[in-house]
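Inside the fold
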Amino acid sequence: FCYKYITKQYHRFTIRVIFCRFVTELLKKFLIFYNEDNKWEYSKWEYSKWKRRDVVYCIAILTDQEQEGQNCAEYIRNYCTEKKVFPLIEIYQNQEQFFGRIRKTVPAVVFLALPGVSGLNAAEHLRSLYPKCGIIWCSDLDFSLHAFRLRADYFLLKPVSEEAFQLGLYTWLA
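None of the values given here were measured: they were computed from a predicted structure. (Residues numbered from 1 in each chain as written. Predicted model: local features only at pLDDT ≥ 70, side-chain atom pairs only at ≥ 80, totals over all residues. Heavy atoms only, no water.)

**Considerations on the packing of helix α3 (residues 95-102) against helix α4 (residues 116-129)**
- The interhelical angle for the contact between α3 and α4, taken along N-to-C directions, is 10 degrees, at an axis separation of 12 Å. In terms of axis orientation, α3 runs roughly parallel to α4. Crossing of α3 over α4 shows right-handed handedness. Taking contact as the criterion, the partners of Gln95, Phe98, Phe99 and Ile102 in α3 are, on α4, Ser118, Ala122, His125, Leu126 and Leu129.
- The residue makeup of the contact of α3 with α4, split by class, is six nonpolar, three polar and no charged. (Axes fitted to C-alpha atoms, helices over the stretch in contact; angles between N-to-C directions. Helix = DSSP H or I, 4+ residues; strand = E, 2+ residues; numbered from the N terminus. Parallel < 35°, antiparallel > 145°, perpendicular 65-115°, else oblique. Left-handed = near helix turned anticlockwise from the far one by under 90°. Contact = heavy atoms within 4.5 Å. Nonpolar A, V, L, I, M, F, W, Y, C, P; charged D, E, K, R; others polar.)

Written as structure tokens, this is what we have:
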């Protein structure tokens, strides 16, 4: 199926309607379209004026080293500015604080950069809580088979280069 998006800013809330091709045919007379002149209009037949609005993603970074978290945040900002995506980045160094926070607000993707088995435990716990949350996992040990089993979007071995990190973000956004 081909999903289409219509997003409209209404005060502080974003209204997004997601629908499939067959629903489009049923509802095409009643939909509001966003055109190139930044104006909303009612259109009956023209789909060429559709434009996906900019999306804000909540991205969480869970790491045990502050400098590594800052580097990852910088990599994310660089990549997202190129793609015109606006991230809300939160850096955590405490797993208890992180899991307490995501119970209230689920991030779109989590970048796990924890050493050894603590990264594996965090990935398993995150996947059990939120099966659809994106995971980009970085570890000093080769947990690639576990990452596949946990359906992580991307797995990286330390040390992480900016190019490898951007490839992980590209895989997650695609």
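**A short note on the sheet that holds strand β6 (residues 86-92)**
- The parallel open sheet is built from five strands, whose spatial order is β6-β5-β7-β8-β9. One side of each edge strand has no neighbouring strand; the edge strands of this open sheet are β6 and β9 (154-157). Sheet twist, expressed as the mean angle between neighbouring strand axes with direction ignored, is 15 degrees.
- For strand β5 (residues 56-63) and β6, the ladder comprises seven bridges, and the chain directions are parallel. In the sheet register, Leu62 faces β6, and the bridge partner there is Tyr92. (Pairing = 2+ DSSP bridges.)

**Side note on the packing of helix α2 (residues 66-83) against helix α6 (residues 162-173)**
- Two numbers describe how α2 lies on α6: the axes approach to 10 Å, and their chain directions differ by 55 degrees. In terms of orientation, α2 lies oblique with respect to α6. Handedness of the α2/α6 crossing: right-handed. In this structure, α2 uses Cys72, Tyr75, Ile76, Asn78, Tyr79 and Glu82 to contact α6, whose residues at the interface are Glu162, Phe165, Gln166, Leu169, Tyr170 and Leu173.
- For the contact of α2 with α6, a count of residues per class yields eight nonpolar, two polar and two charged.

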